[in-house]
Amino acid sequence: MQRTKIISHYYWFFNRFRELTNTEVLLRFRHYVRKQADRKQAGRTPSVSLLSWPDSILTINPAGFPAISFRTEQAMFGHTLDYRYPVDWHLDISTGKRFPTEFAPNIDVGHPKAGNVYYVRQVNRQFFLQMIALRFRLTDDSRHLNRFTTLLTSWVKANPYLRGVNWTSNTEVSLRLINWFLCWNILDVSGLVQTDPAFRRFVETVWLPSIHQHCAYLYANTPQQASTGSESAVGFAGLFMAGSFWPFPDSVGWNIYAMTGIERAMQRYGFGEMGGEQADCPMPLLTDFFVLAWVTGLRTGYRLSADYLRGLRNRFDRIAQLLDTEGNHPLCRPDDAGRLLDLDDPWSFNDFCSLLTSGAILFQDPLFKRRSRGFDLRNLLLFGEEGLRGFEAVPVEEAEPKSRYFSREGHFVLRKKERENGEIYVYFDAGKPVVPRPDQHADALSFVMHIDGKPFFVDSGRYFSPAEPGWSGYFAGTRAHNTVCIDYQDQAEPAPDAGHRFPAATTVLRAQGNDYADEIIAAHNGYDRMGCAHERRLEFDRIRNRLLIGDRIDNRESTGHTVEVLFHLHPAVRFRARGRNHFVLSHPGTKRLVTLLIDPKLQVEVISGQVRPTPLGWYSEGFDQKQPASVFRAYLSLGGEDRVSLNHQISVE
């Protein structure tokens, strides 16, 4: 038995090696060489110094700041970290397990034996340092500066270069570097070192060497060949900001390299496919990177190109068009979004709306201003009182977004604006396939519907937990979305890592509209392997306040199939049956009712929180969070070489 396992093991490696392309072989060889070189550098502390002390790029006037209630704990996915006490930088606070401090490339971050790496990474982003730095800047109380230096010193001591889990991700290294960049500017370190000798020693012997190591890591591990990936975009943004701001002897080379990469990234994410971001789910965080890079370049003399600025404006326009009347994204939850400035904001805060405030300041656009929630603490830090004046100078116009077709990418927003906050909002996903990623969802031809800014029909979310690895497959799967599923199979062949190896290719057959209605028809090939095809038609009738959904399923094979049409409800939505396949839905956030009529050819059952035989009826608000939610499962048996047309109607009263 043992010999059979060994033979099977080597046979797998042999077959895997045969499948590698020449490019993959070269990349793996380079990775091996890099790993051997890194091993020699692990644990070393460089002797570095700045050519000069950089001026702060943030203008902070303590007298102009609003009253802030500073917290002493940071919330992390249902857990909290009290940073008044020593921090174990390798501890998973959700399980109590610790990651090893061995050579970073040897650590298996996905194995649950060491804990949940996402909690460890959230702690090590150290966003709580921003509030400590701001509290010192506003109060001049040395206790806060001492706490800041104590925490940073303990991190540097516990995380020698390339040792431990905190040196295993470009994204995390870049996030931490940008956080330090922001803290440096909030503190005005260059001014503080002139008057505080002890703080200067800390900066020169502890902080600057680690900043240099973060830059060197990003320079060595962010290849230009991967510059179309979001992780590379994040790496280039961090290196560009650091290289532009801190004048190390290496900074010019870093900056040239990073500027090339971030310009290429903007070509992808400013002018390219929304699908490359899973319909822009990381949009707030990635846009924050792009905004900070632009502002940094502008204030340090390394101005990015006019094309970059146009791409940035395109991203703001997408945000304005994708949000509903309450600032909700159809796919991205608040806990998913992420932010670079994590502050105790006394104003009502929304990641997307705060970015639109930045867009209004940068581009003087009335639509961005109207879709924002006004000026907030994040923008006060970035743009100062001059930014406030610029925001107030943007003209106030009744500019409201209408239906918007992103036909090239295959994403559609259909809407009807009514009274003050009244709105019918539909998002339809016919997104074109992109390079398969671990978070790729098999959700072709799915839809989301909000009424008056309240979610009714929802995407189930992006749940992930190493303690329950099987669940991520459900949330990424076809049955977790408002679309058609055949034989309980995903539209794309699932990969072992819960991603999808071959995402379904979609085709937009028609996209047209006028003041009274929108019509979208699209199809996908995700079930070609089963001899089946799915085409969906959406007609949004703004006169009658109704959405008509037509599904056509063709079976070209002689064997029969089970066809499911799924309608997922937000956990807050309640319903009652009015007749066969006839349901009335309500949400506590709006007085309006929604009527769902499902095609009478289908049998319908309501499922919530099912675990066996397969999960169904679950909703995730964010990382490591899930709860039961109702789903209408409508189904029928489709015979061999047969076709069925199904028609459903959703009306808003």
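For the structure itself, consult the block above.
In this report, we go over the structure that sits alongside the text.

In this section: the overall build of the protein chain. Within the protein chain, the regular secondary structure consists of 17 helices and 21 strands. Relative to its full complement of 653 residues, the protein chain shows a buried share of 56%. Excluding contacts between residues fewer than 6 apart, the proportion of contacts in the protein chain whose partners are at least 24 apart in sequence is 70%. Per element, the accessible surface of the protein chain, about 27,400 Å² overall, is 51% carbon and sulfur.

For soluble globular proteins, nonpolar side chains are generally found buried alongside one another. Core analysis: the largest hydrophobic core is formed by 116 residues, its most contacted members being Trp184, Trp207, Ile211, Trp246, Phe289 and Phe290. At eleven residues, the largest contribution of residues to this core is made by helix H6 (residues 170-187). Those residues in contact with Trp184, other than ones at most four positions away along the chain, are Leu50, Trp53, Pro54, Val189, Ser190, Val203, Trp207, Leu208, Ile211, Phe245 and Trp246. Counting 56 residues, the second largest nonpolar core, distinct from the first, contains Ala430, Ile486, Leu566 and Trp618.

Moving on, we get to the sheet that holds strand E12 (residues 546-555). One open sheet accounts for eight strands, arranged E9-E10-E11-E12-E21-E16-E15-E14; its pairing is antiparallel. Both edges of this open sheet fall to strand E9 (506-513) and strand E14 (574-579), since each of them pairs with a single strand only. Each neighbouring strand pair of the sheet contributes to a mean axis angle of 15°, computed without reference to strand direction. Two strands pair when backbone bridges link them, and strand E11 (residues 532-541) and E12 are joined in this way by ten bridges, in the antiparallel orientation. Across the sheet, residue Ala533 finds its bridge partner in E12, namely Asp554.

On to the packing of aromatic side chains, then. Counting across every chain of the model gives 37 aromatic pairs. Seen from their ring centres, Phe316 and Phe363 are 5.9 Å apart, and the 65° between their planes marks the pair as edge-to-face. Here the residue Phe316 occupies a position in helix H12 (residues 306-322), and Phe363 occupies one in helix H14 (residues 351-363), the gap between them amounting to 47 residues. Taken individually, Phe316 and Phe363 each receive the classification buried, so the pair is uniform in this respect. Measuring from ring centre to ring centre gives 5.4 Å for Tyr463 and Phe475, while their planes differ by 40°; the resulting arrangement is tilted. Separated by twelve residues along the polypeptide, Tyr463 in the loop between strand E7 (454-457) and helix H17 (469-476) and Phe475 in helix H17 bring together distant segments of the chain. Across the pair, Phe475 and Tyr463 agree in class, each one buried. Members of the aromatic cluster, joined through ring pairs, are Trp53, Phe148, Phe181, Trp184, Phe199, Phe202, Trp207, Phe245 and Trp246. Directly above the aromatic system of Trp167 lies the positively charged group of Arg176, at a separation of 5.9 Å from the ring centroid.

Moving on to helix H9 (residues 230-245). Spacing of three or four residues puts side chains on the same side of an α-helix, whose turn is 3.6 residues. If you check H9, its first and last C-alpha atoms are 23 Å apart, about what 16 residues at 1.5 Å a residue would give, namely 22 Å. Burial analysis of H9 places 14 of its 16 residues in the buried class, which makes it a mostly covered element.

This part takes up the pattern of salt bridges. Applying the stated criterion across every chain, the model contains 30 salt bridges. With its nearest N and O atoms 2.9 Å apart, the salt bridge here joins Asp317 to Arg404. Of this pair, Asp317 sits in helix H12 while Arg404 sits in strand E3 (residues 404-406), and the two are 87 residues apart along the sequence. In this structure, Arg542 engages Asp518 in a salt bridge whose closest nitrogen and oxygen atoms are separated by 2.5 Å. Here Arg542 is found in the loop between E11 and E12, whereas its partner Asp518 is found in strand E10 (residues 517-524), with 24 residues between them in sequence. With respect to class, Arg542 is no different from Asp518; both count as buried. The network of salt bridges with common partners includes Lys416, Glu418, Asp452 and Arg592.

Another point: the sheet that holds strand E17 (residues 603-608). Across the sheet, four strands lie side by side as E8-E13-E20-E17; this open sheet has antiparallel pairing. Every other strand in the sheet has two partners, leaving strand E8 (484-486) and E17 as the edge strands with one partner each. For this sheet, the mean angle separating the axes of adjacent strands, direction not counted, is 30°.

With 18 residues, H6 should cover 26 Å at 1.5 Å per step; its first-to-last C-alpha distance of 26 Å lies within 8% of that length. Here H6 lies mainly inside the structure; 18 of its 18 residues are buried. N-capping of H6 is provided by Ser169, with a side-chain oxygen placed 3.3 Å from the backbone N of Thr171.

Here the focus is the pairing of strand E1 (residues 73-76). Burial of the side chains of E1 is restricted to one face: Gln74 and Met76 are buried, whereas none of Glu73 and Ala75 on the reverse face is. Bridge count between E1 and strand E2 (residues 79-82): four bridges; the pairing is antiparallel. Residue pairing for E2: Glu73 is matched across the bridge by Asp82. Counted between consecutive antiparallel strands, the loop separating E1 from E2 contains two residues, among which Phe77 sits at a positive phi close to 50°.

Further remarks concern unusual backbone geometry. For residues besides glycine, phi is generally negative; the peptide bonds are generally trans as well. Going from Arg612 to Pro613, the amide bond is cis rather than trans, its omega being 5°. Positionally, Pro613 belongs in the loop between E17 and strand E18 (618-622). With a phi angle near 55°, Asn545 is a residue other than glycine that sits in the positive phi range.

Thresholds, definitions, all that
- Residues numbered from 1 in each chain as written.
- Predicted model: local features only at pLDDT ≥ 70, side-chain atom pairs only at ≥ 80, totals over all residues.
- Heavy atoms only, no water.
- Helix = DSSP H or I, 4+ residues; strand = E, 2+ residues; numbered from the N terminus.
- Buried < 20%, exposed > 50% of the residue type's maximum accessible area, 1.4 Å probe, protein only.
- Contact = heavy atoms within 4.5 Å.
- Areas by Shrake-Rupley, 256 points an atom, 1.4 Å probe, with all protein chains shown as cover.
- Core = buried A, V, L, I, M, F, W, Y, C linked by side-chain atoms within 4.5 Å.
- Pairing = 2+ DSSP bridges.
- Axes fitted to C-alpha atoms, helices over the stretch in contact; angles between N-to-C directions.
- Phe/Tyr/Trp six-rings, centres within 6.5 Å; stacked < 30°, edge-to-face > 60°.
- Lys NZ or Arg CZ within 6 Å of the ring centre and 35° of its normal.
- Expected span 1.5 Å × (residues − 1).
- Salt bridge = Lys/Arg side-chain N within 4 Å of Asp/Glu carboxyl O.
- Polar contact = N/O pair within 3.5 Å; in protein donor to acceptor, adjacent residues only side chain to side chain.

That is the geometry; function is a separate question.
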